[in-house]
Amino acid sequence: MREPRVVIIGGGHVGLTLALRLQKKLDDGEARVTVIDTQPHMTYQPFLPEAAAGSLEPRHVVVPLREALRRCEVLTAQVHRIDHANGCLTATLGDGQTETLDFDILVPVPGSISRALPIPGLAEEGVGFKTIGEAIFLRNHVLSRLDIAASTEDEHLRRRLLTFLFIGGGYAGIEALAELQSMARYAIRSYPQLSEHDMRWVLVEAMGRIMPEVSPHMGEYTKQQLESLGIEVKLNTTAKSLVDGHVELGDGDTFDADTIVWTAGVKPHPMLEDSDLPRDSKGRLECTTRLQVKGTDNVFSAGDCAAVQDLTSSDPEALTSPSAQHAVRQAKLLADNIVAQLRGEPLKEYRHKHAGSVAGLGLFRGAAEVYGVKLKGLPAWLLHRAYHLMKMPTTSRKARILGDWLLELPFRRQVVALGELHDPRAEFVKAANTRGLPKPRGTTAAG
């Protein structure tokens, strides 16, 4: 008898957590689990700010899928179409071949991508903060701005180089801004030509508050903490134009910035657009409280791309928030429900009351609100680290991250830019293209 095939689209936080639980709970021969993702690893996004700031080794915040999922089939591929009616999907594999894969149970959990707005200049000048590549790029970019600024006598260029704009005041934007600013304040001590006061860090938020995930009181506390670090926080403000790095804001302020980071929201992965599955007005898959896609009995989903009713809310229209907290818990229940369905057992409903939120605001600073208890400063920062260390998948990655943190105690933070990582062939191409060029007078073959 053929094994039922469970296909998971997406190897992110939800996909990996789900697959880990399935390979633990399923008996040999009970089902064949296939995980499809364009990347061969999962990135633990809450640790991206610390990876960008140099507190964590970037390789330690990613989990290789094949290493973690020994009992699953892992395909590095891009899914193009989901045909639920015929029980198949179309994907382009790593070698460029397009294949059709059949499934008995399908779990599309591709997550989300940055939701960019049609602001002039954003696509050309901006960078997001959702991938390890973007985190490494920003680290190198910010440090290289300090290097160039210390080498120029042009005051206008120096101001532009040392102006850093972040658009979006949610958790992602706040933590990325706080960690990178903390790193830059530490690094600038090594530049006698520059002062911490030469830098300008600006946060722009369209709403009237930052960090809507926490209470207004904690949001205001976080704003005050950022401002105490010299960060300008502009509320009820939008970006009008970013063309050529010339920033025009809705409050009338204009300035030039060489670093523009966009963290103003996310949207479901566009892969879901080419499917015959029901989606809501925001493009998310419409799911029942059992995490089944509505109108189906063999398609499940969870996380950022799923619209799931929040059973803990008195509002019947309320949906669970797109947070890591819900995503991990949904993934675990989703795995249990898939196992139950394979065994002909009843499925359970997802119900979880939001426990609260924790945020890091740079080294030794944080803000947290957990079950109504508010923590600030060092205790919140320690809780932030402890919580995410606990949630990081696999024991090996937990140990590596803890090792990075312990090494920070006796040694200084590493603040070196490796910009050549973004174009590693540049120097070789330059050297290769010098063949045949006339040598300057007075030189020899030996140099």
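Since we're looking at a predicted model, the values are computed, not measured.

A. Quick peek at the overall build of the chain. When its secondary structure is counted, the chain shows 12 helices and 23 strands. For 447 residues, the compact-globule estimate of 2.2 N^0.38 gives 22 Å, and the chain sits close to it at 24 Å. For the chain, the C-alpha atoms occupy an extent of roughly 80 × 65 × 45 Å along the three principal directions. Pairs at least 24 apart in sequence give 67% of the contacts found in the chain among residues at least 6 apart. For the chain, the exposed surface amounts to about 21,600 Å²; the carbon and sulfur share of it is 52%. On the chain, the mean spot of the 52 positive side-chain charges and the mean spot of the 55 negative ones are 5 Å from each other.

B. Up close: the packing of aromatic side chains. Applying the stated criterion across every chain yields a total of five aromatic pairs. Considering the side-chain rings of F164 and W201, the 4.2 Å spacing of their centres and the 20° angle between planes classify their relative orientation as stacked. Here F164, found in strand 11 (residues 163-167), pairs with W201, found in strand 12 (residues 200-204); they are 37 residues apart in sequence, far enough to count as distant. Both residues of the pair, F164 and W201, count as buried. One aromatic cluster is present, formed by Y44, F47 and W405 through successive ring pairs.

C. How the structure looks around helix 8 (residues 216-228). Given a rise of 1.5 Å per residue, 13 residues ought to cover 18 Å, and the 18 Å separating the end C-alpha atoms of helix 8 matches this to within 8%. Among all positions of helix 8, only M218, G219, Y221, T222, K223, Q225 and L226 are buried. Its buried side turned inward, helix 8 meets helix 7 (171-187), strand 12, strand 13 (231-234), strand 22 (366-370), strand 23 (373-376) and helix 10 (377-391). Positive backbone phi, approximately 90°, marks G230, located one or two places after helix 8.

D. Broad picture of the environment of K332. In this structure, K332 sits in helix 9 (residues 324-342). Sequence-wise, K332 and Q181 are 151 residues apart; in three dimensions their C-alpha atoms are separated by 36 Å. Setting aside residues up to four positions removed in sequence, K332 forms contacts with T17 and R21.

E. View of a negative patch on the surface. A surface patch of like charges, here negative, comprises E153, D154, E155 and D198. With respect to the helices and strands, the residue E155 is situated in helix 6 (residues 155-161).

F. Geometry of the state of the cysteines. This model, assessed by the stated rule, comprises zero disulfides. With no disulfide partner, C287 has as its closest neighbouring cysteine sulfur the one in C305, 7.5 Å distant.

G. Up close: the environment of V415. In this structure, V415 sits in the loop between helix 11 (395-408) and helix 12 (426-432). For the pair formed by V415 and S190, sequence separation is 225 residues and the distance between their alpha carbons is 9.9 Å. Residues in contact with V415, not counting those within four places in the same chain, are R139, L143, M183, Y186 and A187.

H. Representation of the pairing of strand 7 (residues 98-102). Where strand 6 (residues 88-93) meets strand 7, five bridges bridge the pair, whose relative direction is antiparallel. When the sheet's bridge partners are listed, T92 is paired in strand 7 with T98. Linking strand 6 back to strand 7 in an antiparallel pair, the connection comprises four residues, with G96 at a positive phi of about 90°.

I. Expanded view of unusual backbone geometry. Positive phi outside glycine occurs at M211, with the angle close to 50°. As for its position among the elements, M211 is in the loop between strand 12 and helix 8. Assessed through its relative accessible area of 1%, M211 is described here as buried. Positive phi, normally seen in glycine, also occurs at D244, with a value near 55°. Within the secondary structure, D244 sits in the loop between strand 14 (239-241) and strand 15 (246-249).

Calculation notes
- Residues numbered from 1 in each chain as written.
- Predicted model: local features only at pLDDT ≥ 70, side-chain atom pairs only at ≥ 80, totals over all residues.
- Heavy atoms only, no water.
- Helix = DSSP H or I, 4+ residues; strand = E, 2+ residues; numbered from the N terminus.
- Rg over C-alpha atoms; globule rule 2.2 N^0.38 Å.
- Contact = heavy atoms within 4.5 Å.
- Areas by Shrake-Rupley, 256 points an atom, 1.4 Å probe, with all protein chains shown as cover.
- Lys, Arg positive; Asp, Glu negative; His and termini not counted.
- Charge placed at Lys NZ, Arg CZ, Asp CG, Glu CD.
- Phe/Tyr/Trp six-rings, centres within 6.5 Å; stacked < 30°, edge-to-face > 60°.
- Buried < 20%, exposed > 50% of the residue type's maximum accessible area, 1.4 Å probe, protein only.
- Expected span 1.5 Å × (residues − 1).
- Patch = residues over 30% accessible without salt bridge, like charges linked within 9 Å, V, L, I, M, F, W, Y side chains within 5 Å.
- Salt bridge = Lys/Arg side-chain N within 4 Å of Asp/Glu carboxyl O.
- Disulfide = S-S within 2.5 Å.
- Pairing = 2+ DSSP bridges.

Interpretation in functional terms is not warranted from these geometric data alone.
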